[in-house]
Amino acid sequence: DTFGMISDANKPDKWVYSTCGYCGVGCGLYIGVKNGKAVYTKGDPKHDVNMGTLCPKGLSEHQMINSSNRILAPLIKCNGKLQKSSWEKVFTTVSDSFKKIQKEHGNKAVAVIGTGQLLTEEFYTLGKFVQLGLGTNNYDGNTTLCMASAVMGYKQSLGSDGPVASYEDFQHADTIFLIGANIADNHPILTLHINKNKKANKKVIVIDPRASKTSQMADLYIPINPRTDLALYNGLAYIVIEQGWENEGYIKANTNGYKELKKHLQDYPPQEVANITGIDVKTLYELAREFVSQDAVLSAWTMGVNQSFMGTDTVSAIINLHLLTGHIGREGTGPFSITGQCNAMGTRETGFTSSLPGYRNFGDMAALKEYASIVNVPEEIVPTSRGYKYADIIDAIDRGEIKALWITATNPLVSFVNQEKLRKTFAKLDMLVVQDAFLSDTAEVADVVFSAATWGEKEGVYTNSERRCNRTNKAVEPLGDSKSDFDIILEFSKYFEGVNEMLFPSWSKPEDAFTEWKKVSKGQLCDYSGITYELLQEHGGIQWPCNEERPLGTKRLYSADIPFRTPDQKAKFICGDWFPMAEAISGEFPVILNTGRTVEQWHTRTKTKTIAILNDLVPEAWVDVSPKDALKLKVKSGDRMSLSSARGRIDDVIVRVTGSVREGSVFVPFHFNEQLINTLTNDSFCPKSGEPNFKQTAIQLHSKKVPEGLVIQETEISGEIAHKKSAYEGVAFKEKELTISKA
Ligand code: SF4
């Protein structure tokens, strides 16, 4: 029944309105419930985001609730093995441990790593407890592995975090630039919005070192050299100014730093940029002209831009071009980051990662006082500066400075870089607590596990990439002895003297947190004050800011009546420099490894690895190898290879020979713990955002014979799929579909 008809025997007793709990697209859906069990998921036909459709993950999402990988009771480690326990025992054990560590080593010796998967009410509650209750600002989230560069880029250029545009703008744009964004795999429903664009002159330009499924829908595909996007955007800005194409009126009225930018760009003349990016000078001029000759230009990006050691400045370089040309704040325009997780936005808005709740900047004493007064706590307990970022927390554990780590709904032992080092670091902790609904690789090594409820078992709101807050309802009871993350935090807080009474007086349900969050966000860019649960359900979500003046929300930021969030309300041109790759290729490691996602799996597969239909589609990781490299290595599709880097080696990765990667580059999806690709990746990070440079690692390939027991079928799926137009010869390739199954 997952993708087909519902038989009479399986017809749900009721349908519960909700929002998909996987990615940041935020599809509206209904969960079908029969006899108290989730048995079906279907798209909401009236929903503006997905118009009734869902991707394979959404369509099978109900199966995730009853996964055999669920944790059904709190667990505690005894004699090296996790054993079933009680809530009282685990709360007492962890609170005693935290108190002892904090007494001996200071409050900041306890750190927290969060997620983008909780509900906003839960993020708000968790952040408040960690920061004001436990008194540590060493709290970051796995959103730092994903969206931190967009956050910091928006902040340094526009004065605040907050995605600028709406999905609807894909329909209104004349030209859509997709930069480092394989939306066809990672945000598949967004392609529907591009297809709804019926403009005669519509053009989709895909800039990516890898010819992905997304590049096949492009009018123009630009195969840029890996990690040269910052040089490209500086180069395009150079040409716009050189040609006198800039929007002088917009720049004067709305920006600062133009003169400095102009000077800075002198290092990025077209020929130099062509040498760096591999894009010829003529095409660079064509791209720059595209920006100024169209009424509405939209740039959307994801991990190809963010996951970079220059991620923040690359985001700002994209924003620079939009500010120079005035393509912001109008229909069909904007520099638009697409978020990864269902509620990455929730954790960004409620703060504690890079700002205080409601995008209040650390160090802004007026904002701090205002926040303290709204939540009725002494100003002295509100932090004045940001704590350690994710990677800094890991380093501080390594140094022995942080002694206890509480991880919620994320799985660093697959998702973080340099896995061997990370495992050794975790072993140094006095206390590792994992709060999760699934027995993740990280939960397996924990001292204590808080068994959490998951999507469909709890209620609250998620906010998607376009700032659309939407309702997520409870359809079924939490499995076994699991509790919602909201309940876990609230009850755990009672084990710390006076904390629950101070922070959560008479709170008992998520709506209590939402009511306070509305007050805390009022007047901020992410203003929720006009949102009610009822309105969300009625309208299929509402885009913030939503308040008395904007009772049904706001489609796009920085239109004439929404000023930039800097002190003088002007955006700032940022001068960012391009640098060669964080880890250069060498004779020993001559190949560039790129990593990413595939539509059928979700992150570290804690949620998807027991869903049969998804695993039948993609049972294991593979490595994409170019035909030329395959020839050199004497491998063919279906063979097995090993990959090694300066940090480690992984074996038995199945080969797919494809023209989608260039000679000297390979691609491997990062989802699989069996072929743990982050064994190879490097701990190099953007200094401003802390986001890891997942996308380029210098590696070596080692060919190996095909093992027995696999059936590999290779079929040409539709002959030659050439890009409609390309400035490059040899970009068109024959695509073959590889079906891998176990014999
Ligand atoms: Fe929509 Fe993303 Fe869920 Fe797929 S995973 S159904 S695209 S929200």
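Let me sum up the structure you'll find in this document. (Residues numbered from 1 in each chain as written. Predicted model: local features only at pLDDT ≥ 70, side-chain atom pairs only at ≥ 80, totals over all residues. Heavy atoms only, no water.)

### Focus: the site of the ligand
Okay, so step 1: Neighbouring the ligand are the residues Cys 20, Tyr 22, Cys 23, Val 25, Gly 26, Cys 27, Leu 54, Cys 55, Lys 57, Gly 58, Pro 188 and Ile 189.
Okay, so step 2: Residues of the shell around the ligand, tallied by class, amount to nine nonpolar, two polar and one charged. (Near = heavy atom within 4 Å. Nonpolar A, V, L, I, M, F, W, Y, C, P; charged D, E, K, R; others polar.)

### Thoughts on the packing of aromatic side chains
One pair of aromatic rings is described through two measures. These are the centre distance and the angle between the planes.
Okay, so step 1: Taken as a whole, this structure holds 32 aromatic pairs when the rule is applied.
Okay, so step 2: Taking 6.1 Å as the distance between ring centres and 70° as the angle between the ring planes, the aromatic pair formed by Phe 98 and Phe 492 counts as edge-to-face. Placement of the pair is Phe 98 in helix 3 (residues 87-105) and Phe 492 in helix 22 (residues 485-493), with a sequence separation of 394 residues. There is no split in this pair, since Phe 98 and Phe 492 are both buried.
Okay, so step 3: An aromatic cluster is built from Trp 87, Phe 91, Phe 98, Phe 129, Trp 406, Phe 450, Phe 492, Tyr 495 and Phe 496, whose rings are joined through pairwise contacts.
Okay, so step 4: Sitting above the plane of the Phe 438 ring, Arg 70 keeps its charged end 5.7 Å from the centroid.
Okay, so step 5: Cation over ring: Lys 607 sits above Tyr 22, and NZ or CZ is 5.5 Å from the ring centre. (Phe/Tyr/Trp six-rings, centres within 6.5 Å; stacked < 30°, edge-to-face > 60°. Helix = DSSP H or I, 4+ residues; strand = E, 2+ residues; numbered from the N terminus. Buried < 20%, exposed > 50% of the residue type's maximum accessible area, 1.4 Å probe, protein only. Lys NZ or Arg CZ within 6 Å of the ring centre and 35° of its normal.)

### Focus: helix 22
Okay, so step 1: The buried fraction of helix 22 is high, at seven of nine residues.
Okay, so step 2: Every buried residue of helix 22 is accounted for by Asp 485, Phe 486, Ile 488, Ile 489, Leu 490, Phe 492 and Ser 493.

### Quick word on the environment of Glu 534
Okay, so step 1: Tracing the sequence through the fold places Glu 534 in helix 25 (residues 533-539).
Okay, so step 2: Residue classification places Glu 534 among the exposed residues on the basis of a relative accessible area of 55%.
Okay, so step 3: C-alpha of Glu 534 to C-alpha of Thr 697: the two residues are 163 residues apart in sequence and 48 Å apart in space.

### Some words on the pattern of salt bridges
Okay, so step 1: Under the counting rule described, the total for this entry stands at 38 salt bridges.
Okay, so step 2: A salt bridge links Lys 203 to Glu 290; the nearest nitrogen and oxygen atoms lie 3.2 Å apart. On the criterion of sequence distance, the pair formed by Lys 203 in strand 9 (residues 203-207) and Glu 290 in helix 13 (residues 281-293) is long-range, its members being 87 residues apart.
Okay, so step 3: A relative accessible area of 26% means that Lys 203 is categorised as partly exposed.
Okay, so step 4: The shortest N-O distance in the salt bridge between Lys 636 and Asp 639 comes to 3.0 Å.
Okay, so step 5: According to the relative accessible area criterion, Asp 639 is buried, its value standing at 8%.
Okay, so step 6: Through salt bridges with shared partners, a single network forms among Glu 168, Asp 169, Lys 555 and Arg 556. (Salt bridge = Lys/Arg side-chain N within 4 Å of Asp/Glu carboxyl O.)

### What to know about the environment of Thr 325
Okay, so step 1: Assignment of secondary structure puts Thr 325 in helix 15 (residues 311-325).
Okay, so step 2: Separated by 88 residues in the primary sequence, Thr 325 and Ala 237 place their C-alpha atoms 9.3 Å from one another.
Okay, so step 3: Not counting residues within four places of it along the chain, the set of residues in contact with Thr 325 comprises Val 240, Asn 247, Phe 291 and Val 292. (Contact = heavy atoms within 4.5 Å.)

### Observations concerning the pairing of strand 17 (residues 460-463)
Okay, so step 1: Bridge count for strand 17 against strand 18 (residues 468-472) is four bridges, and the pairing is antiparallel. Along strand 18, the bridge assignment pairs Tyr 462 with Asn 470. (Pairing = 2+ DSSP bridges.)

### Structural notes on the nonpolar core
Okay, so step 1: Counting 118 residues, the largest nonpolar core has Phe 98, Leu 158, Tyr 233, Trp 406 and Phe 450 as its most contacted members.
Okay, so step 2: Per-element accounting of this core gives the leading share, nine residues, to helix 9 (residues 229-242).
Okay, so step 3: Every residue in contact with Leu 158, bar those within four places of it in the chain, is listed here: Gly 153, Val 164, Ile 319, Leu 323, Ile 328, Tyr 558, Phe 564, Arg 565, Thr 566 and Ala 571.
Okay, so step 4: In this structure, Leu 29, Leu 190, Ile 194 and Leu 614 belong to the second largest nonpolar core, which totals 45 residues. (Core = buried A, V, L, I, M, F, W, Y, C linked by side-chain atoms within 4.5 Å.)

### A look at the side chain of Arg 605
Okay, so step 1: Mapped onto the fold, Arg 605 is located in the loop between strand 21 (591-596) and helix 26 (612-617).
Okay, so step 2: Residue Arg 605 is classed as buried on the basis of its relative accessible area, which comes to 5%.
Okay, so step 3: Of the polar contacts made by the side chain of Arg 605, one reaches the side chain of Asn 615; its length is 3.1 Å.
Okay, so step 4: Apart from the residues lying within four places of it in its own chain, the contact partners of Arg 605 are Asn 615, His 671, Phe 672, Asn 673 and Glu 674. (Polar contact = N/O pair within 3.5 Å; in protein donor to acceptor, adjacent residues only side chain to side chain.)

These figures capture arrangement, not role.
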